[in-house]
Amino acid sequence: MNKLLKMENLERHYETPAGVVKALDGVSIEIYEGERVILLGPSGSGKTTLLNCLSALDSPTGGTYKFLDNDVPRDNSEMMTSFRRDNIGYVFQFFNLLQDLTVLENILLIQELAGNKDPSRAKELLRLVGLEDEINRFPGEISGGQQQRVAIARSIAKRPTLLLGDELTGNLDTETSNKVMLALVEACKKEKITSVFVTHDEGLVKYATRVIRIDSGKIISDENIVEDL
Ligand SMILES: Nc1ncnc2c1ncn2[C@@H]1O[C@H](COP(=O)(O)OP(=O)(O)OP(=O)(O)O)[C@@H](O)[C@H]1O
Ligand SMILES: [Mg+2]
């Protein structure tokens, strides 16, 4: 397997009136192509901060971060934006769907930005997340869990190199969450997408090839798991 990215001694410190908050406190991590990582940790442990640094939404305050052997841009919003556009899919906790576009159009827009105008692929992605009957509805006309599934389909539509998700099944019931995770695993394998998903749900560990636990801004355990899917 090829190495996709490497963080060394990464720090993200915040200066606050009460003192320095070490949201990331010396994180070193290597991720290889095709890995499916689940990131677990208590509230406030640094999970979102780590995803934001991985995606170059945020700039670390120390350490190094290389992606495919190149330094990831920091402190330069244009370069950070183009890094994200070229490499990253990110499912946010609040899914930011465009309200004036239908479910299908939300997917088509992202796909077209990535150079693919084929509507059958967008429909296939929506089928994968179980929304084939809702494609012509608007986000305001579907439930929160359904909107989340649109956001998940949209994140795969651009075929990112690295797919990141923050509590991406947080609004779904167990059955739907399992269906969506299976669809995601299938899509990631087929399209050779590497993924890092943050969750509180230990039940999702079975979909991962690797589980990393973080606490107080530090990695406290990192284990590979045998694939049984
Ligand atoms: N802008 C900020 N200024 C100061 N401290 C911050 C800021 N953003 C985050 N933090 C602190 O950094 C730490 C890590 O926050 P982070 O959002 O990464 O946690 P998390 O693991 O995602 O938690 P949760 O599970 O609750 O989403 C927390 O202690 C938080 O209070
Ligand atoms: Mg968080």
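Presented here is a report on the structure given in the accompanying data block. (Residues numbered from 1 in each chain as written. Chains lettered and ligands numbered in written order. Predicted model: local features only at pLDDT ≥ 70, side-chain atom pairs only at ≥ 80, totals over all residues. Heavy atoms only, no water.)

## Some points on the packing of helix α4 (residues 119-128) against helix α5 (residues 144-157)
As a reminder, the rule being used: For every element, the axis is a line fit to its C-alpha atoms; helices are fit only across the contacting stretch, and the angle between N-to-C directions ranges from 0 to 180 degrees. Numbering of helices and strands runs from the N terminus; a helix is a DSSP stretch of H or I covering at least four residues, while a strand is a stretch of E covering at least two. Working definition: roughly parallel below 35 degrees, roughly antiparallel above 145 degrees, roughly perpendicular at 65 to 115 degrees, and oblique for all remaining angles. Crossing handedness follows the turn of the near helix against the far one: under a right angle anticlockwise gives a left-handed crossing, and clockwise gives a right-handed one. Any two residues having at least one pair of non-hydrogen atoms within 4.5 Å are treated as being in contact. Polarity classes work like this: nonpolar for Ala, Val, Leu, Ile, Met, Phe, Trp, Tyr, Cys and Pro, charged for Asp, Glu, Lys and Arg, and polar for all others, with Gly in that last group.
In contact at an axis separation of 9 Å, α4 and α5 are set at 135 degrees when each is read in the N-to-C sense. The angle between α4 and α5 places the two elements in the oblique class. Classified by chirality, the crossing of α5 by α4 is right-handed. In contact with R121, L125 and L126 of α4, α5 contributes A153, I156 and A157. Across the contact of α4 with α5, the residue classes tally to five nonpolar, no polar and one charged.

## Observations concerning a nonpolar patch on the surface
To keep things clear, this is the line we draw: Each patch is built from residues that are more than 30% exposed by relative accessible area and take part in no salt bridge. Like charges join if they lie within 9 Å; nonpolar side chains (Val, Leu, Ile, Met, Phe, Trp, Tyr) join within 5 Å. Surface accessibility follows the Shrake-Rupley procedure with a 1.4 Å probe radius. Residue values consider only the protein chains on display as shielding. Should a side-chain nitrogen of Lys or Arg be within 4 Å of a carboxyl oxygen of Asp or Glu, the pair is scored as a salt bridge. Each residue gets one of three labels from its accessible area relative to the maximum for its type: buried under 20%, exposed over 50%, partly exposed in between, using a 1.4 Å probe on protein chains only.
Taken together, L98, L109 and L113 make up a surface patch of nonpolar side chains, about 290 Å² in accessible area. By the secondary structure assignment, L113 is in helix α3 (residues 103-113). By relative accessible area, L113 is classed as exposed at 67%.

## Thoughts on the sheet that holds strand β2 (residues 19-32)
Worth spelling out the cut-off: When DSSP finds two or more bridges between two strands, those strands count as paired.
Sheet architecture is open: four strands sit in the order β2-β1-β4-β5, paired in antiparallel fashion. Edge strands, defined here as strands with exactly one partner in the open sheet, are β2 and β5 (70-71). Of the pairings in the sheet, the one linking strand β1 (residues 3-16) to strand β4 (residues 62-67) comprises five bridges and is antiparallel in character. The residue of β4 that forms the bridge with E8 is T64.

Everything listed is a geometric property; what it means functionally is a separate question.
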